[in-house]
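# Coordinate inspection notes
Below are the chains, spelled out letter by letter.
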Amino acid sequence: MKYALNINGRPHPVEAAPGEILLDVLRREGYKGAKFGCGQGFCGACTVLIDGQPVNSCLQLVGLVEGRTITTIEGVGSVSKLHPIQDAYLDAGAVQCGYCTPGMVLATKALLDRSPDPTEEEIKRCLDGNYCRCTGYVKIIDAVKLAAKRRNGTR
Amino acid sequence: MSSHATFREVNQVRRKVDGIGLVTGTALYTDDYDVHEMLSAKVLRSPHPHARIKAIDASRARALKGVHAVLTWRDVPRIIITEAGQGYPEPSPYDKFILDNKVRFVGDEVAVVAAETTAIALQALALIKVTYEELPAVFDPRDSMKKGAPVLHDEPEWKIPIPVEMDPKKNLCGRADVTIGDMPKGFAAADLVLEREYENQYAQHVANEPHTTISYLDPNNRLIIVTSTQVPFHVRRIVARALDLPIKRIRVIKPRIGGGFGSKQDIVTEPLAAALTMATGRPVRLQLTREETFTSSRTRHQTIIRLKTGIKKDGTLTAIEMDALQNAGPYGTHGLTVLTNTGSKILPLFRCENVRFNAWSVYTNLSQGGAYRGYGGTQSGFAMNIQMDEMARAIGMDLPALYKKLHIRKGEGSPVFAALGEGAEGHPMTIGSCGLSACIDIVAREIGWAGKRNNPGTGRLRRGIGMAVLMQGSSIPKIDMASCSIKMNDDGSFNLLCGATDIGTGSDTVMAKIAAEVLGVGTSDVIVFSSDTDITPFDVGAYASSTTYLSGMAAKRCAEKVADQIRAVAAEMLEEDAKGIVLRDGKAAGSKGEVTLGQVGLRSLYEKDQHQIAAFASAYSDQSPPPFAAHAVEVEVDTGTGRVRIIRYITATDCGTAINPLLCEGQVEGALLNGISYAMAERFIYNEKGRLLNASFGTYGVYFTRDLPEIRTFLVPTYEPSGPFGAKSIAEVNINGPLPAISNAIFDAVGIRLRKPPYTPETVFMALRGRKEK
Ligand code: FES
Ligand code: FES
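Only a predicted model underlies this, so the values are computations on that prediction, with no experimental measurement involved.

### What about the pairing of strand β12 (residues 284-287) of chain B?
Residues and elements named next belong to chain B. Across two bridges, strand β1 (residues 39-45) lies against β12 in parallel orientation. Bridging from a neighbouring strand, Ser40 pairs with Arg285 of β12. Sheet topology note: the strand β9 (residues 212-217)/β12 ladder contains four bridges and is antiparallel. Paired with Ser215 across the strands is Val284, a residue of β12.

Written out as structure tokens, the structure reads:
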């Protein structure tokens, strides 16, 4: 089947079986920033934004996301121009192995787009689906706060 | 040089040198490599804890369209190996074949399939018909050495390559027995003798990236292995042995790694993938499912510790007798060395003249033990710190005061260092730096020790505080080796190649900063490439808290050699003596003038006496200077439900000079939260047939952000004279604190001693009820 996906603001037709998992399709199409961690909806390594909301792409069927906007980490910033959230992650020391980072950054983006000045509780609630074994989350929460502060400071 | 103020790159906050690729999702992990026509591999695993394979019929699987190979024990070389990614000769028994005609735990490897798609590979697994003869199994390490216990390893090929005591007929795969001083005399001198039993639970590392290997043949018919490993050079050596290939035919590439924590210090997926590539000539990808990482990779060794200690009323420790019985699981990877580290990572911490460590590692038919951050120090730090708390209370001494009275200090040695090493004797060592007293003071002050201790309050919710102190090491003395090379480019930048294996730890950044400090350039002027066995010099890999200390030392030495060469060229350019030339701010400055490193680079490559400014250096140490840490935690116990809430957790760590303070704190916090979730929730639940029932994120117990308590992290600077710019390691030590500190805090709150984690509501509730009934 052909699916007319919209990925990172551009139409992106893909060939896939209707029951295929979005994560597999995205990775096959080169969006390797979405990672496999469990395939069961627990770890959030596969997080992408669908219509701005963080979703575990390992549980999403490709046939169900046609016509909706998909944002992967590749659509957030690039190596030549980081998104401010990505800068904040680096400056806060929130990146160790980096396997959780694309998902974390996307979840952070969804949060800050909705709530520019989140409380610590809100941050914890919003990142709760994203597992990280390396950092103990402390610096990730710092990074979200830093990103929010910078964004608000420059407005 | 011992003043931090003089550092320009080291000890300063810098971004991770590899950070951009990680935050943009562009850095390649193993599974991100696109290799043309790659086959997908799947493993058939044993449903039985212990069985002999009577017959395997793979004909239907092989006939399935899209299947390229099905390998059983008949199809792979029968060469005994250990999968422990340790230096050669490994102190782990050779007790494993790539595939065997016997299975020793539920989840053991029976056969492996390579097919065009994962779906076909899974279909093929279902078509393999295996006839098992089930054998009696042993699950409790206390039963393993009993007469008549099932013997796991009866293969005649079994061997141990170093002279240590093991006996597979008795399921014994590790033994240590050392005595220092006079135990009866020590106990006789005590005012109080305590004897207690502790038992930690199985645990898994739960690195975010599952074990993944890609293997293929290159145009020269060499076997390329791209793999999520902590130990590329050990992978090369062990796969060569397992497949009977010359080492020169294998190239191991370490891409980005999604965390390891010890689980990727072993050879887990590499031999099977490589065997399939050799059988099919095709690229093969083998990735474990999340479930398989739990059931069939590696775990923390469950250990039962009986601890007997004698103490005088003034706090003098007169004797420590530690018996440890370790459950190695079905294969002895790291069993012996985790066992000896169980002794050596805690016993030297407290001054005591009479010490005995008597320990066994035994096979069982449960999950396979391996390296796990903490490496024995977790098990013994747990026992010792709870016992210290109990002793302090019994003699009426404040715990921080007792710790400060007893802990080892700078300039002191411990006979334990010489007596206990990596599976064998160790090496004498004098402590070159120790900031533990300062760490204790900080955590006591920050937690509010004086006001909160013994002050649980009344009512249903009770509060308590607890403490623990810890040490680890920095590399394995006289065994580990690290090396690197640096070459200079025409703009005064440098390429640093190292075998040091950045698995997310930040070691590339550490290497760059250390070299930059020596070369008088910015961290971003040093371009680091890590771990490709064809390209980078040797390094044992990322384990034993060795990288910052040992690989960092190699980087420093190598940079010093390069600096000498730069000074020689600059001396000619400036027409003055090289000795007076200083490298700083990207320049070589003498008394007569200065030249930029770019000018030096250009001249050396293009203008005069052309040569490549470059050097190699190795580092090896006879010391393993311990980092030290103190932990303090406040908990709230709900006496109605048994639920324990961590209110706040404070750590202070002495890692010498923090090469990159933010990354150091990150190491502390990651280790700490892993330790906290281990103490509170993580465990393996088996059924009576040895099957793991909770092999998933959802049921195992790792922590997410909602579980995160308030954490505060302090680094206490000291200067380790043997380390690069005064640095010691930091990776492991802080995982060891939560088991005892939280148990001690729970006692402070409600007066129950928990010596068998995790401290789940049920455990606490039952203990509270048990106390009421008494
Ligand atoms: S891979 Fe999708 S939640 Fe883990
Ligand atoms: S940085 Fe490794 S899992 Fe988050």
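### Focus on helix α11 (residues 399-406) of chain B
By the burial criterion, the buried members of α11(B) are B:Leu399, B:Pro400, B:Leu402, B:Tyr403 and B:Leu406. Down the axis of α11(B), the smallest arc covering the buried residues is 160°, so these residues share one side.

### Some words on the packing of aromatic side chains
Here the structure, examined in full by the defined rule, presents 15 aromatic pairs over all chains. An aromatic cluster is defined as three or more aromatic residues linked by ring pairs; in this entry it consists of B:Tyr202, B:Phe294, B:Phe684, B:Tyr686 and B:Tyr700.

### A word on the nonpolar core
Membership of the largest hydrophobic core comes to 146 residues, with the highest contact counts inside it found for A:Tyr89, B:Phe350, B:Ile742, B:Ile746 and B:Tyr759. The element best represented in this core is helix α10 (residues 377-395) of chain B, accounting for eight residues. Counting 55 residues, the second-largest nonpolar core is a separate cluster that includes B:Leu71, B:Val76, B:Val130 and B:Leu272.

### Regarding the domain arrangement of chain B
Residue and element names in this part refer to chain B. Each domain of chain B was delimited in the assignment, giving domain 1 (7-27 + 481-620), domain 2 (33-135 + 205-296), domain 3 (159-201 + 301-430) and domain 4 (432-474 + 625-774). Between domain 2 and domain 3, the C-alpha centre-to-centre distance is 35 Å. With 27 residues of domain 2 at the interface, the matching set in domain 3 holds 24 residues. Summed over both partners, the interface of domain 2 with domain 3 comes to about 2000 Å²; 55% of that surface belongs to carbon and sulfur atoms. On the domain 2 side of the interface with domain 3, the three residues burying the most area are Pro91, Pro93 and Phe105, jointly 25% of the side's total. Applying the counting criterion to the domain 2 and domain 3 interface returns zero salt bridges. Where domain 2 packs against domain 3, one counts 13 residue pairs in polar contact (both at pLDDT 80 or more). By residue class, the composition of the side of domain 2 that touches domain 3 is nine nonpolar, ten polar and eight charged.

### Observations concerning the sheet that holds strand β6 (residues 129-134) of chain B
Residues and elements named next belong to chain B. Reading across the sheet, the three strands line up as β4-β2-β6 and stay open at both edges, with antiparallel pairing between neighbours. Of all the strands in the sheet, the pair left with one neighbour each is β4 (102-103) and β6. For strand β2 (residues 51-57) and β6, the ladder comprises six bridges, and the chain directions are antiparallel. Note that in β6 the partner of Ile53 across the bridge is Tyr132.

Rules of the game
Residues numbered from 1 in each chain as written. Chains lettered and ligands numbered in written order. Predicted model: local features only at pLDDT ≥ 70, side-chain atom pairs only at ≥ 80, totals over all residues. Heavy atoms only, no water. Pairing = 2+ DSSP bridges. Helix = DSSP H or I, 4+ residues; strand = E, 2+ residues; numbered from the N terminus. Buried < 20%, exposed > 50% of the residue type's maximum accessible area, 1.4 Å probe, protein only. Arc of directions from axis to C-beta. Phe/Tyr/Trp six-rings, centres within 6.5 Å; stacked < 30°, edge-to-face > 60°. Core = buried A, V, L, I, M, F, W, Y, C linked by side-chain atoms within 4.5 Å. Domains from an automatic or database assignment. Contact = heavy atoms within 4.5 Å. Buried area = accessible area lost by both parts, 1.4 Å probe. Salt bridge = Lys/Arg side-chain N within 4 Å of Asp/Glu carboxyl O. Polar contact = N/O pair within 3.5 Å; in protein donor to acceptor, adjacent residues only side chain to side chain. Nonpolar A, V, L, I, M, F, W, Y, C, P; charged D, E, K, R; others polar.

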